[in-house]
Amino acid sequence: MLIQNEIPKEDLDYILEPFKEDREEDNKQIISEKIIAIVRDAKGNIIDKREQKMRSLTQYYLALISIPILGTYSSPTSNTATSILVNVLGLPSTQSTTSTNTALITFDTSIQLGSGTQSFSLTLNSLSAPILNGTGTGRLNYYSQSVLYTSNSVSQILTVSNLSGNTITVSEIGLMGTIYLMYINSSGNYTVQPYNFLFSYDTFSSPISIPNGGSASFQIVITFSG
Amino acid sequence: MVGSKVDYDISNLYIPKDGKGDNDFQKSFYATLTIIVRDKDGKVIKKYKQKSHSPTTNFIGLMLPLTWYNATGNSWTFINTLNSTFIYAPTIASLGFGIQYPNNGTTINDYIVNILVGSGSNSNPYSAYNLNAPISNGSGTGQLFYSSVSTPTSITINGNQAYFIISQSYANQSGATITISEVGIIMYLNTSNILEQNVKTGNLLVWYDVLSSPISVGNGQSVIIYYTFSVNA
């Protein structure tokens with residue numbers, strides 16, 4: 001049986017107290033993130049390269065991390081979801097499905113680019129000015145995204161081309177997340193219900209210009225230390 | 001395992017001079033391990049805290065998005081605490097596989113089992129699938145009495161920090177001092193398709209830490225372990 005947190009105040013004060021010593025071990029990263037951008041002109045020549053650390057994970061990413069730690073059930077015997085999944089992600093406490101079937105959860109990620117800027121908050125759920133997919137004015141052509149896994153790093157990669165007729169400036173980047181619940185609905189149909197979130201948000205130290213006819217690759221690398 | 005090819009060498013990148021130093025970014029995500037020992041009267045006799053470092057390979061497998069599975073066609077091999085393996089490859093396609101979610105149909109729960117403590121150490125936390133020398137539950141020689149694991153009611157936002165805490169306490173009724181030198185989080189994973197076919201389950205070590213300084217718990221004393229997972233703005 002699991003119980004909900006009732007942490008004594010004196011314990012909580014100590015838990016949240018900053019580390020007093022700046023030990024090398026205490027500064028070791030657990031999960032580190034960086035953003036890589038490479039811009040090419042219409043002839044394929046590289047005209048800009050960037051690499052900067054990503055620093056702005058949202059509470060929704062923290063909620064995602066709760067799944068491999070806490071599971072999805074609030075206890076071994078309860079048929080309700082963990083409080084984090086319900087209260088933070090807004091997922092149903094108990095997914096309705098048919099009596100002979102179960103419900104499943106999984107997730108996916110993608111990169112979204114934007115042309116605005118905004119202050120970061122832990123509850124941020126969208127970019128300030130998302131750049132839409134397409135070839136019209138102010139748009140970038142998004143190609144299929146890919147994910148690399150090597151050793152202990154996961155990289156999300158997006159390539160875009162600018163067919164809009166004008167230079168497009170990218171000033172913000174987000175790692176979007178979609179959590180899927182799969183179940184059988186009341187009509188007996190297989191259903192995939194998506195729930196969308198912003199997992200990270202960053203602005204570039206200086207905006208990235210993609211000339212008309214040019215292309216760019218953006219990569220968000222998440223490294224798990226061991 | 002490589003998901004797809006990229007047309008540039010990511011190891012040969014220009015890092016702008018205005019790029020931030022590593023120290024400016026290490027706080028975006030971190031985990032902390034806090035241990036508090038109390039005597040038989042409940043008086044605190046030792047406090048200990050260290051940064052937690054080590055998601056395991058099981059954890060990373062659960063953090064891979066669908067795109068990786070779809071693009072590569074690969075599956076992930078989990079290793080349970082008994083050193084047996086099972087594979088996982090989620091998809092949203094009908095009759096595809098996923099992690100079971102609470103529902104009113106047929107269900108097998110997946111949940112946190114406990115914060116397991118041990119008296120040994122694994123040299124490579126990343127590949128660890130169990131503690132090196134788990135301390136079992138009980139009041140016999142070398143045992144600790146495990147209470148139930150305590151889970152968060154939500155994510156707490158405090159200023160520029162969001163966090164959740166899990167904890168578990170242990171009482172030493174063994175008659176002798178017991179030393180804790182390793183700690184890990186065990187999660188019971190249950191995967192299947194929507195018809196609950198080809199069910200794969202197992203206790204997985206998803207997080208593991210060796211203590212910088214082992215903690216001694218005297219007979220009659222108790223210890224509580226807190227794991228704090230945080231992101232910072």
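Just above sits the structure.
Worth saying up front: this structure is predicted, and the values here are computed from it rather than measured.

Draft legend 1. Up close: the overall build of chain B. Broken down by element type, chain B carries two helices and 13 strands. Within chain B, buried positions represent 46% of all 233 residues. Long-range contacts, defined here as pairs at least 24 residues apart, represent 67% of the contacts in chain B between residues at least 6 apart.

Draft legend 2. View of the interface of chain A and chain B. If you look at the interface, chain A gives 93 residues, while chain B gives 89 residues. The element contributing the most residues to the side of chain A that touches chain B is helix H2 (residues 59–70) of chain A, with 10 residues. Broken down by class, the residue content of the side of chain A that touches chain B amounts to 44 nonpolar, 38 polar and 11 charged. Across three bridges, the pairing between strand S4 (residues 103–114) of chain A and strand S5 (residues 97–101) of chain B is antiparallel. Paired with isoleucine 105 of chain A across the strands is isoleucine 99 of chain B, a residue of S5 of chain B.

Draft legend 3. Examining the pairing of strand S2 (residues 44–52) of chain B more closely. Residues and elements named next belong to chain B. As judged from the eight bridges shared by strand S1 (residues 29–38) and S2, these two strands associate in the antiparallel manner. Counted as the bridge partner of isoleucine 36 is lysine 47 from S2. Linkage of S1 to S2, two consecutive antiparallel strands, is achieved through a turn of five residues, within which glycine 42 is found at a positive phi near 90°.

Draft legend 4. Broad picture of the environment of asparagine 137 of chain B. Residue and element names in this part refer to chain B. Note on placement: asparagine 137 falls in the loop between strand S6 (111–118) and strand S7 (145–146). According to the C-beta neighbour criterion, asparagine 137 is partly exposed, with 14 such atoms within 10 Å. For the pair formed by asparagine 137 and tyrosine 163, sequence separation is 26 residues and the distance between their alpha carbons is 29 Å. Not counting residues up to four positions away in its chain, the partners in contact with asparagine 137 are Gln143, Phe145 and Tyr146.

Draft legend 5. Representation of unusual backbone geometry. Residues and elements named next belong to chain B. Even without glycine at this site, leucine 95 takes up a positive phi of about 65°. Among the secondary structure elements, leucine 95 is positioned in the loop between strand S4 (85–88) and S5. On the basis of neighbour counts, which here come to 12 C-beta atoms within 10 Å, the residue leucine 95 falls in the exposed class. Look at asparagine 198: it is not a glycine, yet its phi comes out positive at around 55°. Residue placement: asparagine 198 occurs in the loop between strand S11 (178–193) and strand S12 (200–217).

Reading the values: the criteria
Per chain, residues are indexed from 1 in the order of the written sequence. Written order determines the labels here, with chains lettered from A and ligands numbered from 1. In keeping with the model being predicted, local features are shown solely for residues with a pLDDT of at least 70 and side-chain atom pairs are shown and tallied solely at 80 or more, while totals for entire chains, interfaces and linings include all residues. The numbering of helices and of strands both runs from the N terminus, where a helix is a DSSP run of H or I of at least 4 residues and a strand a run of E of at least 2. Note on burial: count the other C-beta atoms lying within 10 Å of the residue's C-beta; 20 or more is buried, 12 or fewer is exposed, in between is partly exposed, and C-beta positions come from the backbone. Think of it this way: build a C-beta for each residue from its backbone, and any pair within 7 Å is a contact. Just so you know the grouping, Ala, Val, Leu, Ile, Met, Phe, Trp, Tyr, Cys and Pro go in nonpolar, Asp, Glu, Lys and Arg go in charged, and all remaining residues, Gly too, go in polar. Paired strands, as defined in this entry, are two strands with at least two bridges between them according to DSSP.

The values reported here are purely geometric and, on their own, carry no functional implication.
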